Every structure is written in structure tokens, then in C-alpha cells.
Amino acid sequence: MDNGEIESGDEEMPSHSGQKYRPVFSHEKSSIQMTSMESGPSSEVQLKKIQIASPSETVSNVIEGTSHGHDEPNDTRRESKLELFGFDSLVNILGLKSMTGEQIPTPSSPRNGGEDISITIGLPKVASPKLGTMMGVFVPCLQNILGIIYYIRFSWIVGVSGIGEALLLVAFCGSCTFLTGISLSAIATNGAMKGGGPYYLIGRALGPEVGVSIGLCFFLGNAVAGSMYVLGAVETFLDAVPNAGFFRESVMVVSNSTATNGTTTEVITTVSTPSLHDLQVYGVIVTILLCFIVFGGVKIINRVAPAILIPVLVSIFCIFIGIFSAPRSNASSGITGLRAQTFRDNWSPAYQRTTNAGIPDPEGSIYWNFNALVGLFFPAVTGIMAGSNRSASLKDTQRSIPVGTLAATLTTSFLYLISVLLFGALATRDELLTNRLLTAEVAWPLPAIIYVGIILSTLGAALQSLTGAPRLLAAIANDGILPVLKYFKVTEGGEPHLATLFTALICIGCVIIGNLDLITPTITMFFLLCYAGVNLSCFLLDLLDAPSWRPRWKFHHWSLSLLGASLCIANQVHPKNWYPIPLIFCRPWGKLPENVPCHPKLADFANCMKKKGRGMSIFLSIIDGDYHELAEDAKTACRELSTYIDYKHCEGVAEIIVAPTMSDGFRGVIQTMGLGNLKPNIVVMRYPEIWRRENLTEIPSTFVSIINDCIIANKAVVIVKGLDEWPGEYQKQYGTIDLYWIVKDGGLMLLLSQLLLTKESFESCKIQVFCIAEEDTEAEELKADVKKFLYDLRLQAEVIVITMKSWEAQIEGGVQQDDSTEAFTSAQRRIAAYLAEMKETARKQGTPLMASGKQVVVNEQQVDKFLYTTLKLNSTILRYSRMAAVVLVSLPPPPLNHPSYFYMEYMDLLVENVPRMLIVRGYRRDVVTLFT
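Residues numbered from 1 in each chain as written. Predicted model: local features only at pLDDT ≥ 70, side-chain atom pairs only at ≥ 80, totals over all residues. Heavy atoms only, no water.

Trainee: For this particular structure, what's the right way to read the packing of helix H6 (residues 208–240) against helix H16 (residues 516–544)?
Mentor: The geometry of a pair of packed helices is captured by two quantities: the angle between their axes and the separation between those axes. With their axes 8 Å apart at the nearest point, H6 and H16 run at an angle of 150 degrees to one another. By the angle between their axes, H6 is roughly antiparallel relative to H16. Of the two possible hands of crossing, H6 and H16 adopt the one that is left-handed. Contacts between H6 and H16 involve Ile214, Cys217, Phe218, Leu220, Gly221, Asn222, Val224, Ala225, Ser227, Met228, Leu231 and Gly232 from the former and Leu516, Ile519, Thr520, Ile523, Phe526, Phe527, Leu529, Cys530 and Gly533 from the latter. (Axes fitted to C-alpha atoms, helices over the stretch in contact; angles between N-to-C directions. Helix = DSSP H or I, 4+ residues; strand = E, 2+ residues; numbered from the N terminus. Parallel < 35°, antiparallel > 145°, perpendicular 65-115°, else oblique. Left-handed = near helix turned anticlockwise from the far one by under 90°. Contact = heavy atoms within 4.5 Å.)

Trainee: What should I look at first to understand the nonpolar core in this one?
Mentor: Nonpolar side chains in soluble globular proteins generally cluster together in the buried interior. Tyr150, Phe154, Phe377 and Tyr416 are the most contacted members of the largest nonpolar core, which totals 123 residues. The dominant element in this core, judged by the number of residues it contributes, is helix H4 (residues 154–188), at 17 residues. Filtering out sequence-adjacent residues up to four positions away, Phe154 remains in contact with Ile149, Val170, Phe377, Tyr416, Ser419, Val420 and Phe423. Counting residues in each nonpolar core, the second largest holds 60 residues, with Ile707, Val717, Phe770 and Leu867 among its members. (Core = buried A, V, L, I, M, F, W, Y, C linked by side-chain atoms within 4.5 Å. Buried < 20%, exposed > 50% of the residue type's maximum accessible area, 1.4 Å probe, protein only.)

Trainee: Would you mind going over the packing of aromatic side chains with me for this structure?
Mentor: The relation between two aromatic rings is expressed through the spacing of the ring centres and the mutual angle of the planes. Under the criterion given, the structure shown has 30 aromatic pairs. With centroids separated by 5.3 Å and ring planes inclined at 65 degrees, the aromatic side chains of Trp553 and Phe555 adopt a geometry described as edge-to-face. Judged by relative accessible area, Trp553 falls into the buried class, the value being 18%. What makes Phe555 exposed here is its relative accessible area of 63%. Of the aromatic side chains, those joined through ring pairs into one cluster are Tyr150, Tyr151, Phe154, Phe377, Tyr416 and Phe423. One cation-aromatic arrangement involves Arg436 over Trp156; the distance from NZ or CZ to the ring centre is 5.0 Å. (Phe/Tyr/Trp six-rings, centres within 6.5 Å; stacked < 30°, edge-to-face > 60°. Lys NZ or Arg CZ within 6 Å of the ring centre and 35° of its normal.)

Trainee: Even after reading the chapter, I still don't get the pairing of strand S16 (residues 766–773), so can you show me in this structure?
Mentor: Two faces, one strand: in a regular strand the side chains alternate between the faces of the sheet. Of all the 8 residues making up S16, 6 are buried; the element is thus mostly covered by neighbouring parts of the structure. Pairing geometry for strand S15 (residues 736–741) and S16, over 6 bridges, is parallel. Looking at the pairing, Leu739 lines up with Val769 of S16. (Pairing = 2+ DSSP bridges.)

Trainee: How do you make sense of unusual backbone geometry when you look at a structure like this?
Mentor: Negative phi characterises most residues that are not glycine, and trans characterises most peptide bonds. Ala326 connects to Pro327 through a cis peptide bond whose omega is 0 degrees. Within the fold, Pro327 resides in the loop between helix H8 (298–325) and helix H9 (340–345). Residue Pro445 follows Trp444 across a cis peptide bond; omega there is 0 degrees. Residue placement: Pro445 occurs in the loop between helix H13 (438–442) and helix H14 (447–478).

Trainee: Honestly, the environment of Ile623 in this entry has me stumped. Any pointers?
Mentor: For Ile623, the position within the fold is in strand S11 (residues 617–624). The partly exposed category is assigned to Ile623, whose relative accessible area is 22%. Along the backbone, Ile623 and Asp633 are 10 residues apart, and their C-alpha atoms lie at a distance of 9.0 Å. Those residues within four positions of Ile623 in sequence are excluded, and the remaining contacts are Leu630, Asp633, Ala634, Ala637, Ile656, Ile657, Val658 and Ala659.

Trainee: I would appreciate a short explanation of helix H7 (residues 276–296) in the present structure.
Mentor: What sets the pattern is the α-helix's 3.6 residues per turn: residues three or four places apart point alike. A rise of 1.5 Å per residue sets the reference length of H7, with its 21 residues, at 30 Å; its end C-alpha atoms lie 31 Å apart and thus fit the reference within 8%. Of the positions making up H7, those classed as buried are Asp278, Leu279, Gln280, Tyr282, Gly283, Val286, Thr287, Leu290, Cys291 and Val294. Its side-chain oxygen at 3.3 Å from the backbone nitrogen of His277, Ser275 defines the N-terminal cap of H7. (Expected span 1.5 Å × (residues − 1). Polar contact = N/O pair within 3.5 Å; in protein donor to acceptor, adjacent residues only side chain to side chain.)

Trainee: What is the right way to read the packing of helix H20 (residues 662–672) against helix H21 (residues 698–712) from this model?
Mentor: Here H20 crosses H21 at 10 degrees, and the two axes come no closer than 10 Å. The orientation of H20 with respect to H21, classified from their angle, is roughly parallel. For the pair formed by H20 and H21, the contact residues are Met662, Ser663, Phe666 and Arg667 on the first element and Thr702, Ser705, Ile706, Asp709 and Cys710 on the second.

Trainee: It is not clear to me how the side chain of Ser621 should be interpreted in this structure. Could you clarify?
Mentor: Within the secondary structure, Ser621 is located in strand S11. The class for Ser621 is buried, based on a relative accessible area of 15%. Dropping the residues within four chain positions of it, Ser621 is found in contact with Cys586, Glu655, Ile656 and Ile657.

Trainee: I keep staring at the pairing of strand S13 (residues 682–686) and nothing clicks. Help me out?
Mentor: Counting buried positions over the 5 residues of S13 gives 5, a clear majority of the element. Residues Ile682, Val684 and Arg686 of S13 are buried on one face, and the alternating residues Val683 and Met685, pointing to the opposite face, are buried as well. Alignment of strand S10 (residues 582–585) against S13, held across 3 bridges, turns out to be parallel. Across the sheet, the residue bridging to Ile584 is Val684, located in S13. The pairing of S13 with strand S14 (residues 716–721) spans 5 bridges and is parallel. Counterpart to Val683 in the pairing with S14 is Val717.

Here it is in C-alpha cells:
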């Protein structure tokens, strides 16, 4: 054996398939000769030789096939270095080539045994030049991040939020994208990177189904972003050339009062905005033209795109020069130049209502707060996927993507933070709020430079969106996971024409909206979902620490990915997208049959709270005791509850908690369960009707404690009275669903009534809304207001106003004797007896008056007022809604410093003799909205 050569005898090696493999000798430069020993002309095929050239020679691997009768042994006796691998060497070569992403022609079978087969492997190709970090990642990311929001909305955002909260806004959004960039870098450096961007990344990490869902969000985000760029370009063009509009501009006069040396001066500002119809017409035309360019091919777009960045950078440079040289002679009076006083005046926020065009108006349809500004500004920091989408064109993917992406994110975030400080010190608040093109006015030497920069940057970004989105959709369609997308499949190397047309239609549909401020929140949600998927992928891979998880990018940690995912899902949900996530409290406060872990009607009611039965519910049960002793019992109970949920066809999860008391367990759950907007937002439980009948003295304190915990944790509450009588899925109900709307609850009671109507058992019912007025003179005005409100909410309901005297008016007029007087006096006697017992206990112990471990202060007149109010409301319900299918009434909060026993007496008077009632308390958020 010499130099690693493997010696072998002269004998032929037998093959299981009837073939013989003859030794191949090294004088042929690593060639392998194999002979087929099967008889028959059609099967006598010899794979004559595979030549693998040395590194210094031209790579040429040729497989030739010829027909022979019998093979003669080779004259030479030196063995091949590759004989040990035999025929597998060909497989290994093909496998290694395919792993690197190169396309290998598939060998075809010989026909009739007389045709030669020639397959060329590894012939040199004319490769396109590869890009480095700067041009391949940094510049594309920078071009996608720096866009229309900075030019025509950023100064306005500073004016609305103030300098302080604008800095917080930029830091929040920048942190979200920076943390996502870290996760993206870790995933992108964990092996070979293919096309598809986030779709490929997430699909490889969490499975193709999850990858498709996030990939579609990214596709829709890019498609809708195309309309944002188009509208930005059109709005800038119409501001620069007002005479180009076909329709009349919108003109609004804004007056502001300023006090100087004791003199009040009225300042009138005229603000003109482009017509909505002009934005629509020009936007559709521009989108169609861009679509034709995209149909022309992607090569031209990729060549032009980097060149577009030059005027963008020049325009930003001109803006900064103009800021430091302001104010110039022709500047607006609101541009003060960099002044400390202006900085102080603009530090605090000025959230207010505006028109659709962003002009301050006390009666405007849009109210801006911090969360709304997040939705508007977040698209200005997106674009970090631009580098990963170009992975096939990079020289060193695993170095360029992390460095280029994070450098672009830090650069733009620093630019935004500096701009907040400069814009805040440059102009007055009124100027910031009314001059949407302040950047153009202050630019040096001419505003035209900014106009050109804006139009070029937005059109370039729109082309990128209309080019990248169809290819992503085609990649998803080609995987065949969603059959509905089969029409968008394309052959390898083909242009996705149908996907491009579909993307253009989405873009045109959003352009017709004609308002950039209304489009950006939609883009924000799509990108946040995509970024959350990337962060969760990295978090799970890092946490599981699979053997294949070996990213080259070491500056990451699972905690950073989890934080990034949390930031992505922690924006407040708009009321139009609010959906109940109920926490079903399974503790029945009553006996259940053996092996039934939850009241069956609670499961039915949980489905009633969800449209078409869809959506997540959490079923909670609490076991009293020590966790170490009852851990196994809790696991068994959780399995039983989960099985029962599946049996009842509920979409939900089971949670069993072991705690010393029910109150302690519930308090822990309400604080910790869920993540971001995926936390339960409404607690559902049964009314404890058995507490007096079975003399369960611990129920009042537990019941009140749970309600107070829900109020503190800002959770809505629905208490079901008459749960045993709640209709099943197929028990048809007739009559009305009556709402006694007493307390403003964000519209939760209205929303619940609408959800009930979607169920088969309640679909024949009608809604009646009862409003309580104290004076007859208020009745008609109140009725008109409520009817208008319901009309705006698109809710069909009859409005009935009921006059009910207050407790003070009742005292002045004298208590009238009626059927409810006996119930009132009975409750008074029970409360007096309980109070006397409390006082006697306190006297013996020498302590203040205590109940449930807390000091209480009893105002007997206030107790009578609560008793009277709940009793009168109960009488009203029995008078008007005795035949109602279900009654919904506002839940009164437990009064401060009143014993829990007193509150149960109030509640008993409220629900007395009402067979089926939902007692509802909303929380500090609207769940219905006037807007679509």
C-alpha cells in the first residue's frame, strides 16, 4: 500500500444483482470501470469510466455508456483510491452538489441498450457577480427603511406625540426591528440560506404550515406597502404641482390663539390638501404603469434600485443643512430655527382629534394616541428582510446578512432619533401639525430636491414591493401546501405573471382608499406578525438547542428573541378587531355528576361567546390544598378536563391550579396567564345561587374577591345566573334579548348580544335596549342619542327608555308600598342581624369592625340606597322582560368598605325571580367601534 492506495487481488467482486465490479487502476487519474455481466443485448451496458481531474486541471466528469459482449480485464495492476466507495462515489458527488443548491441534470435511462448517455457534472458556468455586505444587504435595507414616512409624516408625528414620546416611539419600534434582526441573523447563519426570505426561515424552523401563514402575512404586507409608496409619491407630486389635480383641493382654515404681553392674537392658518379623487386617479394610473415595468423583468429593477438611493441620501443631507441654516428669509413664520424655547414647548404630547388628512379638528373622525402612532410609524423601520431576500446573490451570506442588516437598523434608528430632536426644536407645534411637507420647506437650497428625492425613493420602493411580493407568493404556491394557491405556481426560472397581477389588484384596492394614514396600520400588523414568527422561531430553536442548531452568529440569546416576539404582539388591538378570549371558571358552586369536571352548560355558553364557535377559550379549575401533595391529582384532573372540552367540541385548553384557597389561586392566574394580546380578556363564571340555601359562608368573600381581582386586572366579567336553564345547542329560543344598559362598558353588552344572535338557538330573537332615565324630560333626548349610536354601530335593536326615581327622590316623596316592600325589609333585617353579630364579635375581641380580614365602615343610609336601587331594577326587569329569552344587565362593582355579605344581599335582590340572566361588567376599553 502506497500513498493511501488500497491493494486488491485480481479476482472479480461478486454483486447481488448479478453484475461484477472489476478493479480500476490509478493510471487513469481516478477512474472507475464497471462491467455488466447480464446477458442480452438490451442489458449489456457498461459504465465505462468516470474521470475526476486533479485540482490543477479543468473539472470534467464524464459518464459514457456503451454496449459490449464481455469485458476484458485492464492491463494495469494499480488500484483506484476510490475503489473503497465503489459506485457510491457517484451518489456522493451528486448529493454534495445538490446540497450546495446547484442544479444537477437527472440521468436518463438508455433506450434499447444502444444509445450513449453523457451527463456532465460540474462544468464551469457563467456565474453572475456576487455582492458584498454593502451593496448586497446594507444598501437594500437602507433603501427599504428610509422611505415616505420620514419625508411627509415624521415631523407631524413629532408634533402630535411631542419630543419625549417621539423618542420613546422610535426606540420602541427600533428595538423591535433590531431584536428581530438578531434573531434573523442567527437563523440565517445556521446553514445554507435559500430564497423565500421569512417564509423559508420560519418554514424550516417551525414547519411549512407555520411558514406559509407567516409568509402570507409578509406577502400581504409587501403588497399593501406598495400602495403606501404609490400614495406617498402621488401626494408629494400634487403638493409640488397643485395645478396638476383634476379635482378641487380640500381647503381648511385652522385658527389658533396666542397670548403675547397680555394681548391675545388670533392666528388664522389655511391648510390645503390634495383631493381624495386626485389621489385615487393618479394612484391607480401609477400602479398600472409600475405593473407594466414589473412585467418587463426583474433585472432592470435590480440595476436601477441602488442608483435611486443616491438622490435619497442627497435629499436627507439637504434637509439637515436646511435645518441648521433655518430660518431663511422666505420661511414660514412657524419655522423658528433651532431654539431651546421651541424645544421646551414641543416636549410634551398633544394628542387630539384630526381629520382624515391629519389636520387638527375637535370634531375629527380620528383620535391619535401613542398606540395609533405606532401603527403609523412602524412601516418606517421595516425593510430588514431585504438582505435575506437577496441571499442567492451574496458572496458570503453568513457574514453579510447579520452585519448589513443590523448596521442598517442602527443607522436608520440613529437618524430618526436625531431627527426627533431637530424637528422638535425647529418649528412650533402648529407648524409641525399643519405643514405635512416641512422637510421640503426647510431643505437647502430648494424644495424641489426633496420632491425629487421623495418621488424617486417611493417609486423605487414600490417597484421592489411589486417585484418581491409576487415571487414570494409563487414560492409559497410551488410548495403545494395551500391548494387554493395552485394558480400562482410558476416553472423554475419563469416569471410569476399571475401573482404579479394579483399583487397589483391588491395594491390598486388599497390605493383607492386614498389615505396613507389609514393604510399604514394594516401594514404594521402584517409585518409585526412576520417579525413575531422570526423571533419565535429563533426562541424555540435556541431553547430546544437541537444538535443541528449551530448558528455562526453568536451574539444572540433566547431571551432577546422572546423579548422581540413580545414587542411584536404587544400593540393594542383596535376595537374593530377585538375578540373575546374567555377564561371559563369551572368551579361550579354546586354539585356535579361523577366524573364531570365542568358544568356542561358553561361549555355551551363559552361557544356562544365566539362567532361561529371559533376562537380560544381557557377552562380553569382550582383545587384547594398543598401543591406538593396534590400535584398528581391536578395532572389527572387536567387530563379529564381536557378530554371533556374535546367531547363538548370547544376550542380551548384546560388549566388546573393548586392553591391554598380559591381566591389565592384565581389571583395568581389572573396576573400571569397569557402573553401580550393573547391573554384572556373576559372572565366567565356561574352565579353562586346556593350560598344562602346551603349556608356556605365562605362564598361571599370569595365571590367578591374574584370580582375585585378582575376589576384591578382590567378584565371583563360575565356572571351567568340560571346556568341550569341555559339552552342547549339545538334548543330554539324565541322572544327577545333584553339589555339593561346602565353603565358605560365599552359596548361589551352590545357585542355579547350580537354574538348570541349568531347562534342557532338565539337566531330568532330580537334585541331590546332598555335605558334608565331619572326624569321624564330626559327620556326623548336619551332615546334619540342611543338610537343614533346603535345606527352608527350597524346594530339592529329597539330602544326603550324607562324612568326610575333615584333613592333620594324616593325618600323625599315617601316610600310607596308595593310588592317589593317585603323583599326590601327582609333584606334590611338580615343585614341588621349580620351587622349586630359583627359588632358583638368586635366588642369581645376589642378590635375595629372587621369582615374578611379587612376593616369595614358601614353607612346604613348608603346600604339602604344600594338595596333600593337593585330592588327597583329587579322590579323593572320583571315588569318588562319576564318572557325574554335572556336578560343582560350591568354588574355593579362591590362598594368599598362594605362587607362581602352585604354585596351578596344586593346581588340577590337584583337577580331574584329572573330565570336567565347575564350580569356583565366591561373594562377600560372599547370593544365596538363606529368605524369599519
